[in-house]
Amino acid sequence: MSLMELAVVSTNIKHSSNGNNDFDIISWFEEVSENAGSIQTQTLRQILELNYGVEYLQKWLGDFNIKEMDACALESLFTSLVPLTSHADLEPYIQRIADGDTGPILTQQPITTLSLSSGTTEGRQKFVPFTDHSAQTTLQIFRLAAAYRSRVYPIREGRRILEFIYSSKQYKTKGGLIAGTATTHYYASEEFKIKQEKTKSFTCSPEEVISGGDYKQSTYCHLLLGLFLYEQVEFIASTFAYSIVQAFRTFEELWEDICNDIKEGTLSRRIKLPKMRKAVLDIISPNPCLASKIEAACQELQSLDWFGLIPKLWPNAKYVYSIMTGSMQPYLKKLRHYAKGLPLVSADYGSTESWIGVNLDPTLPPENVRFSVIPTFSYFEFISLYWQKQDCSSVIDDFMEDDPIPLSQVKVGLEYELVLTTFTGLYRYRLGDVVEVAGFHNGTPKLNFKCRRKLILTINIDKNTEKDLQLVVESGTQLLNKAKAELVDFTSQADITDQPGHYIIYWEIKGEVEDKVLCECCREMDASFVDHGYVVSRRTNSIGPLELCIVERGTFNKILDDFIANGGALSQFKTPRCTSNRVLLRILNACTAKRFFSTAYG
Ligand code: AMP
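Procedures and definitions
Residues numbered from 1 in each chain as written. Predicted model: local features only at pLDDT ≥ 70, side-chain atom pairs only at ≥ 80, totals over all residues. Heavy atoms only, no water. Helix = DSSP H or I, 4+ residues; strand = E, 2+ residues; numbered from the N terminus. Contact = heavy atoms within 4.5 Å. Polar contact = N/O pair within 3.5 Å; in protein donor to acceptor, adjacent residues only side chain to side chain. Phe/Tyr/Trp six-rings, centres within 6.5 Å; stacked < 30°, edge-to-face > 60°. Buried < 20%, exposed > 50% of the residue type's maximum accessible area, 1.4 Å probe, protein only. Lys NZ or Arg CZ within 6 Å of the ring centre and 35° of its normal. Core = buried A, V, L, I, M, F, W, Y, C linked by side-chain atoms within 4.5 Å. UniProt positions renumbered as here; feature names shortened; annotations may be inferred. Pairing = 2+ DSSP bridges. Axes fitted to C-alpha atoms, helices over the stretch in contact; angles between N-to-C directions. Salt bridge = Lys/Arg side-chain N within 4 Å of Asp/Glu carboxyl O.

Considering the arrangement of structural elements, one finds Tyr503 in strand E20 (residues 502–510). Spatially, the C-alpha atoms of Tyr503 and Pro545 are 7.6 Å apart, while their sequence positions differ by 42 residues. Ignoring anything within four residues of it in the chain, the contact list for Tyr503 reads Leu457, Thr458, Ile459, Asp462, Asn464, Gln493, Phe529, Tyr534, Pro545, Leu546 and Glu547. Among the polar contacts listed, one links the side chain of Tyr503 to the backbone oxygen of Leu457, at a separation of 3.4 Å.

Quick look at the structure:
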């Protein structure tokens, strides 16, 4: 097969005959990854040919007759003439599309659907185009990952996945386009059904539960149906790990009601949505025997603080599957608590803008997972980033950076910011994620997700990313755990309302802890920031002592509710690890029950 055919066949795999499905998709990926560099050049050519003459490209490429050009020459021309962009640069174009301009602005094919991305925001969701290609690549990466997973953890065909997945409400923009999160569009698409058929695993909940639009009602029904069908459940999944932890925390509170519904074949009155009620009641029937089994298991689990909840209630589950990297890492501890020894398999790497890489080694612990880039999905460029001053062309925030390089030139051990050119009309778009090249799968790089590039905590010369904050919080949490308490969630703020400015870390905790322990946690965290700028500023008191605010139980649920009320979906939710958002700060400050100031640095 020629390289061009390999690039094109990627979206057609869904039409291949069944039976040897896994083999087909794995051998396809082995081939494209072998030739990743040339496939990338072809992928760019395909994108540019499809969108030849659109307003945005015309602006930069003018009248070059790209169809006559050789693919390598086209790649050089494209990267030399089309500038790097951020979402802000493309926003005016996307806004015109949202307002109903159907002309060829970013793509030749009119965009009819927009997705809301949270990944690239500073607290505000942003629109990015969604096309058939988006749904097809979602299907493809899910199938690919499932094929690699089933080689290590085979599952029984035709059985169930207990999936904590949620659609947001879809709505119409001023110009009549459908808007919602990318996962919402995917769950509503044909590809979602095809994926279940091709991977021969079916979600426990019907569409009415997934798309109900009220995450509390959906979570209750996911749990109820997951237990009703417990014998068939082969694995537990969600998009981001947060949703699984959130669901089981809910279960700890509501298990008695769920047991009662299973016993009687009824549905709690807290489920108010008529379509959801009907769909669930059509599935369940009274099962007193199962209810008493679950009841006994829950009583035992309760005495163990719900340790091993998953294998106890779903004895046939082979693993837990979800994105557990990046900002989801803080939930791993709780997930491991619920999963006991069951493998935690970290899901793939992508964004609303494009899928990026697949986890080919499901046995790796989530801390070490690496994502192999799929070279047919988008055209990827990599901006080398250096922490220390080197011979570079430009400087942005804390990093020094070089010019972007193509996928074929990346080097193991170096860190890069990702740049995407997509089939959906984003050209040389800076995603804002920092990745490290950890190795290669054939010719395609394997990436470690490091962090979002944007600094989250900075007051003057100090520079801390989400990852830095995460490590600091982990060191404080160790003291908390010794005192038999647990961190439920956290966020932070760089407070500059008074001089000197200082960092505030907000903690929601479970369990009783003495003030002196919390004081010690606060001191420990302050002392754990290793950034030189912070250490120097603390020593000279140009940054004040770290403040630890303990918020009431349920505060982070209020933050989630605010996200949902603004059109977000639970499937996409990532607790902001730092916020300057006034609404969130109002919630956090109103719910602060105790404050501690660090005694580190004297
Ligand atoms: P969104 O576009 O709102 O779905 O968010 C996409 C962002 O989520 C990405 O740009 C990453 O920052 C983060 N993300 C997605 N997948 C992963 C992953 N597997 N590991 C770590 N972070 C991820």
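Further notes follow.
Moving on: the packing of aromatic side chains. The geometry of an aromatic ring pair is captured by two quantities: the separation of the ring centres and the angle between the planes. One pass over the structure, following the stated rule, counts 28 aromatic pairs. Taking 5.6 Å as the distance between ring centres and 15° as the angle between the ring planes, the aromatic pair formed by Tyr56 and Tyr427 counts as stacked. With Tyr56 in helix H4 (residues 55–61) and Tyr427 in the loop between strand E16 (415–422) and strand E17 (429–441), this residue pair connects regions lying 371 residues apart in the sequence. Among the residues examined, Tyr56 registers a relative accessible area of 3% and is labelled buried. Judged by relative accessible area, which is 0%, Tyr427 ranks as buried. With a centroid separation of 6.3 Å and 80° between ring planes, the pair formed by Phe235 and Tyr321 is classed as edge-to-face. With a gap of 86 residues between them, Phe235 in strand E7 (residues 233–240) and Tyr321 in strand E8 (residues 319–323) connect regions that are remote in the sequence. The exposure classification of Phe235 matches that of Tyr321, with both residues buried. Through successive ring pairs, a cluster of aromatic residues spans Phe142, Tyr186, Tyr187, Phe192 and Trp355. It is Arg149 that lies over the ring of Tyr321; its NZ or CZ is 3.7 Å from the centre. Note that Arg577 overlies the ring of Phe490, its terminal NZ or CZ placed 4.2 Å from the centroid.

Moving on, we get to the nonpolar core. One finds Phe248, Phe251, Leu309 and Trp314 to be the most contacted residues of the largest nonpolar core, which totals 98 residues. If you tally residues by element for this core, the top one is helix H12 (residues 241–264), at 12 residues. Aside from chain neighbours lying at most four places away, what touches Leu309 is Phe248, Phe251, Leu301, Trp314 and Tyr338. If you look at the next biggest cluster of nonpolar residues, it comprises 50 residues, including Leu61, Tyr379, Leu407 and Val437.

Here we come to the UniProt feature "domain: GH3 C-terminal" (unreviewed entry) in the protein chain. In this numbering, the UniProt entry assigns the feature "domain: GH3 C-terminal" (unreviewed entry) to residues 467–582. Helix makes up 43% of residues 467–582 and strand 21%, and the two end C-alpha atoms of the span are 23 Å apart.

For strand E2 (residues 126–130), a buried count of 5 out of 5 residues is recorded, marking the element as mostly surrounded by other parts of the structure. Bridging between strand E1 (residues 113–117) and E2 involves 5 bridges; their strand directions are antiparallel. Its bridge partner lying in E2, Leu116 is registered against Phe127.

As summarised here, the arrangement of the 4 strands in space is E2-E1-E5-E4, forming an open sheet in which the pairing is mixed. Looking at strand neighbours, the two that pair on one side only are E2 and strand E4 (171–172), the edges of this open sheet. Contacting E1 and E2, helix H6 (residues 87–98) crosses the sheet at an angle of about 65° to E2.

Here we take up the pairing of strand E18 (residues 444–452). As paired strands, strand E12 (residues 371–373) and E18 are joined by 2 bridges and run antiparallel to one another. Residue pairing for E18: Ser372 is matched across the bridge by Lys446. Here 8 bridges tie E17 to E18, and the two strands are oriented antiparallel to one another. Across the sheet, residue Phe440 finds its bridge partner in E18, namely Pro445. Linking E17 back to E18 in an antiparallel pair, the connection comprises 2 residues, with Asn442 at a positive phi of about 50°.

If you walk through the whole model with that rule in mind, you get 33 salt bridges. Close ionic contact of Glu252 with Lys510 constitutes a salt bridge, the shortest N to O distance being 3.2 Å. Of the two residues, Glu252 is situated in helix H12 and Lys510 in strand E20; the sequence distance between them amounts to 258 residues. Take Glu252: its relative accessible area is 12%, and that puts it in the buried class. Its salt-bridge partner being Glu520, residue Arg523 comes within 3.4 Å of it at the nearest N-O pair. With Arg523 and Glu520 both in helix H18 (residues 515–528) and 3 residues apart, this pair spans about one turn of that helix. One salt-bridge network, held together by shared partners, links Arg156, Glu231, Glu234 and Lys318.

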